[in-house]
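Here is what each chain is made of, one letter per residue.
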Amino acid sequence: MTREKPFPITKRQVWEAYKRVKANHGGAGVDEQSLAEFAGDLENNLYKLWNRLASGSYLPPPVKRVDIPKAGGGVRPLGVPTVADRIAQTVVKQALEPELESHFHPDSYGYRPDKSAHQAIGQARQRCWRYDWVVDLDIKGFFDTLDHDLLMRAVCHHTEEPWVRLYIERWLRAPVQLPDGSLQVRDQGTPQGGVASPLLANLFLHYAFDAWMQRNYPQVPFERYADDALCHCRIQEEAEHLKAALAQRFADCHLELHPEKTKIVYCKDDDRRLEYPCTRFDFLGYTFRPRRSKNRRGKYFINFSPAISNRAATAIRQQVRGWKLPLRSDKDLDDLARMFNAVIRGWINYYGAFYKSALYPALRHLDRKLALWATRKFKRLRRHRRRAEQWLRQVAQRQPGLFAHWRLIHRVAG
């Protein structure tokens, strides 16, 4: 007779979690086991994981720290769990997420089903047209300093399942393995890169910010994407009062607003002519600022609107330089298009959603690198950069669909 497990976790739950982890890909954790290696003995690996989860004996391994360079300098530490741990976290996330989703605020957009960064940017644009002032919030080291006790109080408020509480607490306490192999004990924070981390971050900020704003400042609309948030105010005094109140609120939640990056912004346009030192802010890779626009009648006016930020455009140029196109003279143009079109299409889809023409200079930089490739590839174009650029334009006229960006930056039929 099979003895019943103490926790009601089914093999089906583990299997569904594995399918999600497989679809999201991801690298190996501290055990250096890849998804392909895990799948090599799939049935046995999933059974062992289910057995430990359902019996309460599952102990998360350390999280592997990987430093990702930031576009503006410095690094962002990511925590990479093992494949098995990502599956385990997905089991818990799938059990907890439906309950939390029923409580989350509609203007929380980060890492939620049917929510996106473009929705947050579009909503912010509309509100910047209606409200003169923005409080741009930056929480200092949010994922590194999140308070475990406050988070567990929120978790326990929303679930009575002992196994959900148990495993979330174990994940919060799991150490981080640094690049030199040493282990760092954690008593606060949740590593970016974990499957459950975005959901837990949203839960914490739901109470620290969203619900607090709704309760204390119902007249102030906001958009929040994970730990990035904007608040819209009608007058400067309201914005200044809110900024001070939020600094105190986050201090009460054991968090700190970044003193330089948290700022009040004036949404200046043709109808708003007040002189104020700060008239721009960055949000989700876009810079909001006064811009010259043209209405349907062809008349130009100044409009406060978003477009790709200088930091994001610089990151695109850096990535293009990293491709080392001039050194790939062994490849044909078709090969290069197949290699990089998915990335180029991703840039266009994300940064071309608002004020698309601001993206064009970064895409033209890509064409200049392709022209350099042509000077290495073809003897007749060597030391003739302008002739190579003209040749590339002619190819774009003949094959406008070869590269994903050509229809945008070249005047071509269709």
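Within every chain, residues take consecutive numbers counted from 1 along the sequence as written. At least 70 in pLDDT is required for a residue's local features to be given in this predicted model, at least 80 for side-chain atom pairs to be given and counted, and no such filter applies to totals for whole chains, interfaces and linings, which use all residues. To obtain the side-chain values, all non-hydrogen atoms of the structure were used and water was disregarded.

**Q** Can you help me understand the environment of Asp144 in this one?
**A** Inspection of the secondary structure puts Asp144 in helix α6 (residues 142–145). A C-alpha to C-alpha distance of 9.8 Å links Asp144 and Asp187, two positions 43 residues apart in sequence. Strands are runs of DSSP state E lasting at least 2 residues, helices are runs of H or I lasting at least 4, and numbering of each runs from the N terminus.

**Q** Please explain the packing of helix α11 (residues 310–322) against helix α13 (residues 360–377) as it appears in this structure.
**A** Axes are the key here: two packed helices are described by the angle between their axes and the distance separating the axes. Put simply, α11 and α13 touch, their axes get as near as 9 Å, and they point 15 degrees apart. When the interaxial angle is binned, α11 and α13 end up roughly parallel. Two packed elements cross with a definite hand, and for α11 against α13 that hand is right-handed. Contacts between α11 and α13 involve Ala313, Ile316, Arg317, Val320 and Arg321 from the former and Pro361, Ala362, His365, Leu366 and Lys369 from the latter. Note on geometry: axes are C-alpha line fits, over the in-contact stretch for helices, and angles between N-to-C directions span 0 to 180 degrees. When an angle is under 35 degrees it counts as roughly parallel; over 145 it counts as roughly antiparallel; between 65 and 115 it counts as roughly perpendicular; any other value is oblique. In this scheme the handedness of a crossing depends on how the near helix is turned from the far one: anticlockwise by less than a right angle means left-handed, clockwise means right-handed. Residue contacts are defined here by distance: any two heavy atoms, one from each residue, within 4.5 Å place the two residues in contact.

**Q** It is not clear to me how the sheet that holds strand β3 (residues 133–138) should be interpreted in this structure. Could you clarify?
**A** Paired through their backbone hydrogen bonds, the strands of a sheet run either parallel or antiparallel. A sheet is described by the order of its strands in space; here four strands give the open sequence β6-β7-β3-β8, paired in antiparallel fashion. The open sheet has two edge strands with one neighbour each: β6 (222–225) and β8 (263–266). Each neighbouring strand pair of the sheet contributes to a mean axis angle of 20 degrees, computed without reference to strand direction. Only strands joined by at least two bridges in the DSSP assignment are considered to pair. As paired elements, β6 and strand β7 (residues 228–233) share four bridges and run antiparallel to each other. Bridging from a neighbouring strand, Tyr225 pairs with Asp228 of β7. Along the sheet, helix α9 (residues 197–216) makes contact with β3, β6 and β7, crossing β6 at roughly 175 degrees. In this fold helix α10 (residues 236–252) packs onto β3, β7 and β8, with an angle of close to 20 degrees to the strand it touches most, β3.

**Q** Would you mind going over helix α12 (residues 333–351) with me for this structure?
**A** Each full turn of the α-helix corresponds to 3.6 residues, which orients residues three or four apart in the same direction. The seven residues ending at a residue and the seven starting there each receive a fitted axis; the angle between those axes is the bend at that residue. Approximately 55 degrees is the largest bend angle found in α12, and it occurs at Phe340. Classification of residues uses two cut-offs on accessible area relative to the type maximum, computed with a 1.4 Å probe and protein chains only: under 20% is buried, over 50% is exposed, and between them is partly exposed. Along α12, the positions that sit buried rather than exposed are Leu333, Leu336, Ala337, Phe340, Asn341, Ile344, Trp347, Ile348 and Tyr351. Looking at the buried side of α12, the elements it contacts are β10 (286–294), β11 (300–308), α11, α13, α14 (385–398) and α15 (406–409).

**Q** Help me out: how do you make sense of the pattern of salt bridges in this one?
**A** Close approach of charged atoms allows side chains of opposite charge to pair. Criterion for a salt bridge: a side-chain nitrogen of Lys or Arg within 4 Å of a carboxyl oxygen of Asp or Glu. Inspection of every chain in the model, using the stated rule, returns 16 salt bridges. Across the pair Arg173 and Asp149 runs a salt bridge whose closest N-O atoms are separated by 4.0 Å. With Arg173 in helix α8 (residues 162–173) and Asp149 in helix α7 (residues 148–158), this residue pair connects regions lying 24 residues apart in the sequence. Taking relative accessible area as the criterion, Arg173 reaches 37% and is therefore assigned partly exposed. Looking at Asp149, the relative accessible area reads 53%, which means it is exposed. A single network of salt bridges, built from pairs that share partners, joins Arg12, Glu16 and Lys19.

**Q** What is the right way to read the side chain of His105 from this model?
**A** Of note, His105 is situated in the loop between α4 (83–101) and α5 (117–130). Distance and chemistry together define a polar contact, namely a pair of N or O atoms within 3.5 Å, with one atom able to donate a hydrogen and the other to accept it when in protein, and with adjacent residues in sequence counting only for side-chain atoms on both sides. A distance of 2.9 Å separates a polar atom in the side chain of His105 from the backbone nitrogen of Asp107. Once you skip the residues sitting within four places of it in the chain, His105 turns out to touch Arg112, His206, Asp210, Gln214 and Phe222.

**Q** I would appreciate a short explanation of the sheet that holds β11 in the present structure.
**A** Spatially, β9-β10-β11 is the arrangement adopted by the three strands of the open sheet, whose pairing is antiparallel. Pairing within the sheet leaves two strands with one partner each, and these edge strands are β9 (281–283) and β11. The sheet shows a mean angle of 50 degrees between the axes of neighbouring strands, taken without regard to direction. With nine bridges joining them, β10 and β11 adopt antiparallel strand pairing. Looking at β11, one finds that Tyr286 is bridged to Ile308.

**Q** Quick question: what am I supposed to make of the environment of Pro77 here?
**A** Checked against the element boundaries, Pro77 lands in strand β2 (residues 75–80). Residue class for Pro77 comes out partly exposed when judged on its relative accessible area of 25%. Put simply, Pro77 and His206 are 129 residues apart on the chain and 24 Å apart in space, counted from C-alpha to C-alpha. Setting aside chain neighbours within four positions, we find Pro77 in contact with Arg65, Val66, Asp67, Asp144 and Gln192.

**Q** Explain the packing of aromatic side chains here, please?
**A** The description of two aromatic rings rests on the distance between their centres and on the angle between their planes. Pairing of aromatic side chains here covers Phe, Tyr and the six-membered ring of Trp, requires ring centres within 6.5 Å, and sorts the geometry by plane angle: under 30 degrees stacked, over 60 edge-to-face, intermediate tilted. The tally for this structure, following the rule as stated, stands at 26 aromatic pairs. Here Tyr286 and Phe354 contribute two aromatic rings whose centre-to-centre distance is 5.7 Å and whose plane-to-plane angle is 85 degrees, an arrangement assigned as edge-to-face. Residue Tyr286 is found in strand β10, and its partner Phe354 is found in the loop between α12 and α13; the two are separated by 68 residues along the sequence. For Tyr286, a relative accessible area of 0% corresponds to the buried category.

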